[in-house]
Amino acid sequence: MTIDELYRDLHAHPELSFQETRTAAMAAVELRAAGFDVIEGIGITGVAGVLHNGDGPTVLLRADMDALPVTEATGLGYASTVAGVMHACGHDVHVACLIGAVRELAATRAQWAGTVVAVFQPAEEAGGGAQAMLDDGFYEKVPVPDVVLGQHVGPAPAGTLGAHPGAAFASADSIDITVRGRGGHGSRPETTIDPIVIAAAIVGRLQTIVSREIAPQETSVVTVGRINAGTKNNIIPESAELGLSMRAYSEEVRQRIITAIKRIVHAESAAAGAAEALIEFAESFPVTINDRVSTERTMAAFRSAFGEDAVIDPGPVSGSEDVGLLATAVGAPLVYWILGGANPEKYLAAANAGTIDRDIPSNHSPFFAPEIQPTLDRGVAALVTACREWLRS
Ligand code: ZN
Ligand code: ZN
């Protein structure tokens, strides 16, 4: 199969987090065909391939494999064949490009020396995939890399590449809070501790974290996206649930927000004489930090390979990623870049009309449909170029 055919096949067969068995099997077949040693089933469905090719640095290339619970609305001929599941974040692009890079690096091994580790990671969307691989002894199975490289397709003109040095993707934490009161009759509040009133006070007070406790130069978000309590108008319920989402661009700010959330939730509960609330951390992504020196080096390699105009600095992205865990676990530098996948003419027209937000479908949209070319060829070339920048020539 060509890379284009492979991509269409992956797109038509999306798999949810930790269920990427078909995708993982395809990756393993490709890695073996290219002469890599293959380890399967790391962190449930993860696959790693190792190609030792003489003395030299070790470079890790990472692609995530999972799709999303989204019903595809692109109308493409190769649209999802799985009801309610779609590659709406473009991880199929990442898998296809890494397979392309594996093929090319294997075919050109006379031109370089070192070790390439190709990683097909499960469950980026659910937030647990990279950690699951690490918990499964990932770095006992593959050599520790000198650098971790990867890419994410996004709504920039197809073929564009760009990485932001430093904090590149926000941290994201999903926090579930259960406020515990004492239920009773709506006509007799004196016999109860009303968790709805406590929850309302918490929601109001949480708004002061970003506005009053975080410096204005810092960017962060605290959102209460879910609130559930009660069954009937004349019953004071036993408990109330709040669902929070928070983002930050430094670990310091993230910790400060988490501390403030705990303080406010516990203090408001105590103020009402209620039992201590339950605070559970559901999904968690750390801040994704691109190593400055390594990022400059990679972008310089991209500029000389693809021209000045092909390389941008996208600035910090508010989305989140778990690729950084593969780097921080062993103290390796990370370079994670954006690969543009939008139709360049449509993008230009939307940019001129000021309607990019409306007209260019973003990741996770049911209309997200990267241009197959030049996106795939550029994605393969970017991985190979970045990898060769570290390998011995
Ligand atoms: Zn996503
Ligand atoms: Zn993604």
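Everything quoted here is computed from the prediction, not taken from an experiment.

Cut-offs used in this document
Throughout this document, residue positions are counted from 1 along each chain, in the order its sequence is written. Chains and ligands are labelled sequentially in the order written, the chains with letters from A and the ligands with numbers from 1. Totals for whole chains, interfaces and linings use all residues, but because this is a predicted model, local features are given only for residues with pLDDT of at least 70 and pairs of side-chain atoms are given and counted only at 80 or more. For side-chain calculations, the full set of non-hydrogen atoms in the structure is used, while hydrogens and water are omitted. Should a side-chain nitrogen of Lys or Arg be within 4 Å of a carboxyl oxygen of Asp or Glu, the pair is scored as a salt bridge. Note on conventions: DSSP H or I runs of at least 4 residues are helices, E runs of at least 2 residues are strands, and numbering of each starts at the N terminus. Throughout this description, buried means an accessible area under 20% of the type-specific maximum (1.4 Å probe, protein chains only), exposed means over 50%, and partly exposed covers the range between. In protein, a polar contact means a hydrogen-donor-capable atom and an acceptor-capable atom, both N or O and within 3.5 Å, with residues adjacent in sequence counting only if both atoms are side-chain atoms; elsewhere, any N or O pair within 3.5 Å suffices. Residue contacts are counted whenever heavy atoms from the two residues lie within 4.5 Å of one another. Centre distance within 6.5 Å is the pairing criterion for rings of Phe, Tyr and Trp, where only the six-membered ring of Trp is used; planes under 30 degrees apart are then read as stacked, over 60 as edge-to-face, and the remainder as tilted. Only strands that DSSP links by at least two bridges are regarded as paired with each other.

Q: Tell me about the pattern of salt bridges, and name the residues and values.
A: Evaluation of the coordinates by the stated rule reveals 15 salt bridges. The residue D9 makes a salt bridge to R22 at a minimum N-O spacing of 2.9 Å. Taken as a pair, D9 in helix α1 (residues 3–12) and R22 in helix α2 (residues 21–33) lie far apart in primary sequence, 13 residues in all. The partly exposed category is assigned to R22, whose relative accessible area is 32%. The partner of R62 in a salt bridge is D322, and the shortest N-O contact between them spans 2.9 Å. Of this pair, R62 sits in strand β3 (residues 58–64) while D322 sits in the loop between β15 (311–312) and α9 (324–328), placing them 260 residues apart in sequence. Given a relative accessible area of 0%, D322 falls into the buried group. Each of the salt bridges in this network shares a partner with another, and the network as a whole consists of R62, D64, E321 and D322.

Q: Break down the side chain of N53 for me, with residues and values.
A: Following the sequence through the fold, N53 ends up in strand β2 (residues 46–53). One polar contact links the side chain of N53 to the main-chain carbonyl oxygen of W112, over a distance of 2.7 Å. The contacts of N53, once residues within four sequence positions are left out, are R109, W112, A113 and G114.

Q: Tell me what's going on with the packing of aromatic side chains, and back it up with residues and numbers.
A: Scanning the model with the defined rule gives five aromatic pairs in all. Judged by centre distance (4.7 Å) and plane angle (65 degrees), the ring pair of F138 and Y139 falls under edge-to-face. Take F138 and Y139: they sit in the same class, and that class is buried. Aromatic side chains F302 and W337 sit 5.0 Å apart centroid to centroid with 80 degrees between the ring planes, which places their arrangement in the edge-to-face category. In this pair, F302 is assigned in helix α8 (residues 292–306) and W337 in strand β16 (residues 334–342), connecting sequence segments 35 residues apart. Owing to a relative accessible area of 0%, F302 belongs among the buried residues under this scheme.

Q: I'd like a rundown of the sheet that holds β15, residues and numbers included.
A: Overall, mixed pairing links the eight strands, which are arranged β1-β2-β4-β3-β5-β16-β6-β15 in an open sheet. Only two strands of the sheet have a single neighbouring strand rather than two, namely β1 (37–42) and β15. Note that strand β6 (residues 161–162) and β16 share two bridges and pair antiparallel. When the sheet's bridge partners are listed, L161 is paired in β16 with L339.

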